[in-house]
Amino acid sequence: MANTPKWLNDAVFYNIYPQSFLDSNGDGIGDLQGITDKLDYIKDTGFTAIWLNPVYVSPFRDAGYDITDFYKVAPRYGTNEDFRHLCDEAHKRGIRVVMDLVAGHTSLECEWFKKSALPEKNEYSDRYVWTDSVWKMGTEGSFISGYSDRDGCYMNNFFYCQPALNYGYKNITEPWQMSMNSPAAIDTRNELLNIMSFWSDLGSDGFRVDMASSLVKGDPDKSGVIELWNIIKKEFTAKYPENILIAEWSFPKEAIAAGFDIDFLIHFNLKAYTTLFRHEKGTNQSEAWIGHSYFRKDGKGDIDLFLNEYLDHYNATKGKGFISIPTGNHDIHRISLLRDTDDLFVTHAFLLTMPGVPFVYYGDEIGMKYIEGLASKEGGFNRTGSRTPMQWESGKNLGFSASDTPYLPVDTSSDAPTVAAQSKDGNSLLNHTKKLIRIRKENPALWANGEFEVVHKNYPFVYKRTGGSQTIIVAVNPANRRAEISAPACRKVIYAKDAQADGTTLKMDGVSFIIYEA
Ligand code: NOJ
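Residues numbered from 1 in each chain as written. Predicted model: local features only at pLDDT ≥ 70, side-chain atom pairs only at ≥ 80, totals over all residues. Heavy atoms only, no water.

1. Considerations on the site of the ligand
Phase 1 of the analysis: Around the ligand there are 13 residues in total, and Asp-62, Asp-210, His-330, Asp-331 and Arg-383 lie nearest to it.
Phase 2 of the analysis: His-330 has a polar side-chain atom sitting 2.8 Å from an oxygen atom of the ligand.
Phase 3 of the analysis: Contact with the protein chains hides 98% of the accessible area of the ligand, taken as 290 Å² for the molecule alone.
Phase 4 of the analysis: Of the residues contributing to the shell around the ligand, the split by class is 3 nonpolar, 3 polar and 7 charged. (Near = heavy atom within 4 Å. Polar contact = N/O pair within 3.5 Å; in protein donor to acceptor, adjacent residues only side chain to side chain. Areas by Shrake-Rupley, 256 points an atom, 1.4 Å probe, with all protein chains shown as cover. Nonpolar A, V, L, I, M, F, W, Y, C, P; charged D, E, K, R; others polar.)

Structure (structure tokens):
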């Protein structure tokens, strides 16, 4: 790997949505102390790192992705000292902590924006993207007019309450647009670097960068934003060589060229991720991509829809950075939607044996459900059903909180999975996930940087991983029908469910997998 820290090679991340993880003080909202209290569980499951969704001061109109103070933990989660304590305790257990960095926008209530919205010129006037007349919207991107007495429209990056910070334009077509090298754009960049240093000094091991590709405007080929991130990465790595940057970009060729260590393959830009897991109507946000997921019992998917894009990006980024395929996240429907536990055994076997760094969204290790029909909470809309409280044990709020008014209702179904019940059950999804993580860590061929080669396509999907002196074959058959194919000869089965490797013959029942040494 170019400059990617070695610790990423056998890392497995746990993605924690802090408001829904564990409420340690009974106010109904998860908090940093709650996460600290569960570090032993996180370590015991095998995770080596945490990605924490935003914990900064915010009015929470977009669940904390609308920040008012980038230098302070939101009181509902605790204090900066609690964050330092969480990092210290995590580090003692060999767990790294990666924060969320909302680089592209702030809340409307951020002091910078309040000053920027004043009609009088001041040091924050150009901190955001504004047009020069309230009657003039920009032609690219989304703009809000008439917000304040400043004569101009501000650009919003996402919701209306998330004004876009000014990192400059690559191609300038209007008089009010500033260049990437303008003093105002450089001030914004320096502020971001300051924020990164501030939290790194408190113990953060890196950042997942929200909407990483959006910072430079008027940049259709992304050359501007790639240049910007290379500058930021160079400064950041010079100071914190072991710390990493993860992109929310979902176009690895660009993100890795921009200097990121990891890019997520998720539900936008490319179809690859959605075609694996969430291709059916109602299982993703984009009705345009309706088809059959590869990972479904009906066996009507096509792994090439994934591979055609994945291999292109994999080959272009190999040796430079990693593509991560997460089980899910706070923006997408849970992977358990329309799947049973057998299906999840197979999805998890795939996700934990692919190249790149695996990310497990909290609760996916026990198969927590996407809860349908919830009222939107803090800008969640149809994402809310993937953000419900972690299910620890039977009893009040399934162990999440002692409050009568938890942040969101917990899963009320009689078969709601819990950590306590699954810990005791040797055949549970939790114990399966634990075993897969252990196998991954013990076998260098399965590490992030192990080679990847397709052996057989379309039920089963078979791939070869090589690393060190090892060759491992993984075969997954999500379809509900038997398959028999020839594959590289098996020397030793590492882990299998309803599948056998008999010499060079692979015999797989429906909904099965096998991992073996060749
Ligand atoms: C991506 C985040 O994951 C999402 O939750 C948020 O709403 C937008 N970026 C805006 O920050």
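2. With respect to helix α3 (residues 80–92)
Phase 1 of the analysis: Compared with an ideal rise of 1.5 Å per residue, which puts 13 residues at 18 Å, α3 spans 18 Å between its outermost C-alpha atoms and is within 8% of the ideal.
Phase 2 of the analysis: Restricting attention to buried positions, one finds in α3 the residues Asn-80, Phe-83, Leu-86, Cys-87, Glu-89 and Ala-90.
Phase 3 of the analysis: Looking at the buried side of α3, the elements it contacts are α1 (32–37), α2 (39–45), β2 (49–52), β4 (69–73), β5 (96–101) and α5 (183–202).
Phase 4 of the analysis: Positioned one or two residues after α3, Gly-94 has a phi angle of 75 degrees, which is positive. (Helix = DSSP H or I, 4+ residues; strand = E, 2+ residues; numbered from the N terminus. Expected span 1.5 Å × (residues − 1). Buried < 20%, exposed > 50% of the residue type's maximum accessible area, 1.4 Å probe, protein only. Contact = heavy atoms within 4.5 Å.)

3. Section: the nonpolar core
Phase 1 of the analysis: If you look at the biggest cluster of nonpolar residues, it comprises 142 residues, and the most contacted ones within it are Phe-13, Trp-229, Phe-306, Ile-325 and Phe-350.
Phase 2 of the analysis: Residues contacting Phe-350, with those up to four places away along its chain left out, are Leu-276, Phe-277, Phe-295, Phe-306, Ile-325, Phe-461, Tyr-463 and Val-476.
Phase 3 of the analysis: By size, the runner-up hydrophobic cluster in this structure holds 11 residues, among which are Val-462, Ala-487, Ala-501 and Tyr-516. (Core = buried A, V, L, I, M, F, W, Y, C linked by side-chain atoms within 4.5 Å.)

4. Some remarks on the packing of α3 against α5
Phase 1 of the analysis: Direction vectors running N to C along α3 and α5 enclose 60 degrees, while the axes themselves pass 8 Å from each other. When the axes of α3 and α5 are compared, the pair comes out oblique. Residues Asn-80, Phe-83, Arg-84 and Cys-87 of α3 lie in contact with α5, whose contacting residues are Phe-198, Trp-199 and Leu-202.
Phase 2 of the analysis: Looking at the contact of α3 with α5 residue by residue, the class counts come to 5 nonpolar, 1 polar and 1 charged. (Axes fitted to C-alpha atoms, helices over the stretch in contact; angles between N-to-C directions. Parallel < 35°, antiparallel > 145°, perpendicular 65-115°, else oblique.)

5. Comments concerning the pattern of salt bridges
Phase 1 of the analysis: Inspection of every chain in the model, using the stated rule, returns 36 salt bridges.
Phase 2 of the analysis: Between Lys-369 and Asp-411 there is a salt bridge; the shortest N-O distance is 3.5 Å. Pair noted here: Lys-369 is in the loop between β12 (359–361) and α11 (419–424) and Asp-411 is in the loop between β12 and α11, with a separation of 42 residues, a long-range link.
Phase 3 of the analysis: A single salt-bridge network, built from bridges that share partners, covers Asp-40, Glu-89, Lys-92 and Arg-93. (Salt bridge = Lys/Arg side-chain N within 4 Å of Asp/Glu carboxyl O.)

6. Description of the sheet that holds strand β9 (residues 244–247)
Phase 1 of the analysis: Pairing in this open sheet of 8 strands is parallel, and the strands run β11-β10-β9-β8-β5-β2-β1-β12 from one edge to the other. Of all strands in the sheet, those with a lone pairing partner are β11 (322–324) and β12, marking the two edges. Between one strand axis and the next, the sheet turns through 25 degrees on average, direction left out of account.
Phase 2 of the analysis: Here 3 bridges tie strand β10 (residues 262–264) to β11, and the two strands are oriented parallel to one another. When the sheet's bridge partners are listed, Phe-264 is paired in β11 with Ser-324.
Phase 3 of the analysis: Taken strand by strand, α3 contacts β2 and β5, and its axis lies near 145 degrees from that of β5. (Pairing = 2+ DSSP bridges.)

7. A short note on the packing of aromatic side chains
Phase 1 of the analysis: Counted under the stated rule, the structure contains 50 aromatic pairs.
Phase 2 of the analysis: Where Phe-236 meets Tyr-240, the ring centres are 5.6 Å apart and the plane angle is 45 degrees; that geometry is what we call tilted.
Phase 3 of the analysis: The exposure class of Tyr-240 is buried, given its relative accessible area of 12%.
Phase 4 of the analysis: Considering the side-chain rings of Tyr-310 and Tyr-314, the 5.8 Å spacing of their centres and the 15 degrees angle between planes classify their relative orientation as stacked. With a gap of 4 residues between them, Tyr-310 and Tyr-314 both fall in helix α9 (residues 303–317), about one helical turn apart.
Phase 5 of the analysis: By the ring-pair criterion, three or more aromatic residues cluster together here, those being Tyr-273, Phe-277, Tyr-294, Phe-295, Phe-306, Tyr-310, Tyr-314, Phe-350, Phe-452, Tyr-459, Phe-461 and Tyr-463.
Phase 6 of the analysis: Across from the ring centre of Tyr-407, 5.0 Å away, lies the NZ or CZ of Lys-377, which sits over that ring. (Phe/Tyr/Trp six-rings, centres within 6.5 Å; stacked < 30°, edge-to-face > 60°. Lys NZ or Arg CZ within 6 Å of the ring centre and 35° of its normal.)

8. So, the pairing of strand β14 (residues 461–467)
Phase 1 of the analysis: With respect to burial, β14 is a largely interior element, 5 of its 7 residues being buried.
Phase 2 of the analysis: Relative to β14, strand β13 (residues 451–456) runs antiparallel, the two sharing 5 bridges. Within β14, the position partnered with Phe-452 by the bridge is Arg-465.
Phase 3 of the analysis: Here β13 hands over to β14 after 4 residues, with Asn-458 in that stretch at a positive phi of 65 degrees.
Phase 4 of the analysis: The pairing of β14 with strand β15 (residues 470–477) spans 7 bridges and is antiparallel.

9. Describing the pairing of strand β18 (residues 505–517)
Phase 1 of the analysis: As defined by bridge partners, β15 adjoins β18 across 6 bridges and the pair is classed as antiparallel. The partner of Ile-473 across the bridge, within β18, is Tyr-516.
Phase 2 of the analysis: As judged from the 4 bridges shared by strand β16 (residues 483–486) and β18, these two strands associate in the antiparallel manner. In the strand pairing of β18, Ile-485 is matched with Leu-506.
Phase 3 of the analysis: Where strand β17 (residues 492–502) folds back onto β18 in an antiparallel hairpin, the turn is made up of 2 residues, including Gly-503, whose phi is positive at roughly 60 degrees.

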